[in-house]
Amino acid sequence: QVQLIESGGGLVQAGGSLRLSCAASEGTFSSYTMGWFRQAPGKEREFVAAVHWTGASTLYADFVKGRFTISRDNAENTAYLQMNTLKPEDTAVYYCAADTRRSYLTSRNIKNYGYWGQGTQVTVSS
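A brief look at the structure comes next. (Residues numbered from 1 in each chain as written. Predicted model: local features only at pLDDT ≥ 70, side-chain atom pairs only at ≥ 80, totals over all residues. Heavy atoms only, no water.)

1. Details of the side chain of S107
- Within the fold, S107 resides in the loop between β9 (92-99) and β10 (115-116).
- Look at S107 and you get buried, because its relative accessible area is 8%.
- Within the structure, the side chain of S107 is placed 2.9 Å from the backbone nitrogen of N109, a separation counted as a polar contact.
- For S107, the residues in contact, after removing those within four places along its chain, are F47, A50, L59, D99, R101, N112 and Y113. (Helix = DSSP H or I, 4+ residues; strand = E, 2+ residues; numbered from the N terminus. Buried < 20%, exposed > 50% of the residue type's maximum accessible area, 1.4 Å probe, protein only. Polar contact = N/O pair within 3.5 Å; in protein donor to acceptor, adjacent residues only side chain to side chain. Contact = heavy atoms within 4.5 Å.)

Written out as structure tokens, the structure is:
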């Protein structure tokens, strides 16, 4: 099974930045579309961003466009989420996930992501 280990969460003031990392092991990272999702307490897990397995495209939720950037480094088997201009409503547990289907399309559908990291807490104050 694919193992995903997340890091980089923490406490930050509104307007600040964080970079989340997701290190993958097991399987072939370069063939996985990588996604980031988040879940606030009492709320549904929601799509944040994804990068296609080929690296040719990215997808973002409307609420993070222009603020967050997803990227990947296949040499290090790691996906990143650079989060800028953070807002209090960004507070959530952030999860990385892998879609192993090698689809032509980048998916925002949670059902297409079969492997998940443990989550990392992001808290934005003010």
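2. Looking at the sheet that holds strand β8 (residues 78-83)
- Taken in spatial order, the four strands make up an open sheet running β1-β3-β8-β7, and their pairing is antiparallel. Edge positions in the sheet fall to β1 (3-7) and β7 (68-73), since each has one partner strand and no second. Neighbour to neighbour, the strand axes of the sheet diverge by 15 degrees on average, direction disregarded.
- Two strands pair when backbone bridges link them, and strand β3 (residues 18-25) and β8 are joined in this way by six bridges, in the antiparallel orientation. Within the sheet, the bridge partner assigned to S21 lies in β8 and is Y80. (Pairing = 2+ DSSP bridges. Axes fitted to C-alpha atoms, helices over the stretch in contact; angles between N-to-C directions.)

3. Re unusual backbone geometry
- Unlike most non-glycine residues, T85 shows phi in positive territory, near 50 degrees.
- We note that S126 has phi near 70 degrees; this positive angle belongs to a residue other than glycine.
- Given the relative accessible area of 79%, S126 is considered exposed.

4. Re the pairing of β1
- Burial along β1 is one-sided: the residues L4 and E6 are buried and none of Q3, I5 and S7 is.
- The pairing of β1 with β3 spans five bridges and is classified as antiparallel. From the neighbouring strand, Q3 faces β3, where its bridge partner is S25.

5. A short note on the side chain of H52
- Take H52: it is sitting in the loop between β5 (46-51) and β6 (58-60).
- In terms of polar contacts, H52 uses its side chain to reach the side chain of W53, at 3.4 Å.
- Looking at H52, its side chain comes within polar contact range of the main-chain oxygen of Y104, at 3.5 Å.
- What H52 contacts, discounting residues up to four positions off in sequence, is T33, S57, R72, S103, Y104, L105 and T106.

6. Some points on the environment of K65
- Within the secondary structure, K65 is located in the loop between β6 and β7.
- For K65, a relative accessible area of 51% corresponds to the exposed category.
- Here the alpha-carbon distance between K65 and V48, two residues 17 residues apart in the chain, equals 9.3 Å.

7. Looking at the pattern of salt bridges
- In this structure the tally under the stated criterion is five salt bridges.
- A salt bridge links E46 to R38, with the shortest nitrogen-to-oxygen separation between them at 2.9 Å.
- You can call R38 buried: its relative accessible area is 6%.
- Measuring nitrogen to oxygen at the nearest pair gives 2.9 Å for the salt bridge that ties R101 to D99.
- Since its relative accessible area comes to 43%, R101 is described here as partly exposed.
- Exposure remark for D99: the relative accessible area of 1% places this residue in the buried category.
- A single salt-bridge network, built from bridges that share partners, covers R38, E46, R67 and D90. (Salt bridge = Lys/Arg side-chain N within 4 Å of Asp/Glu carboxyl O.)

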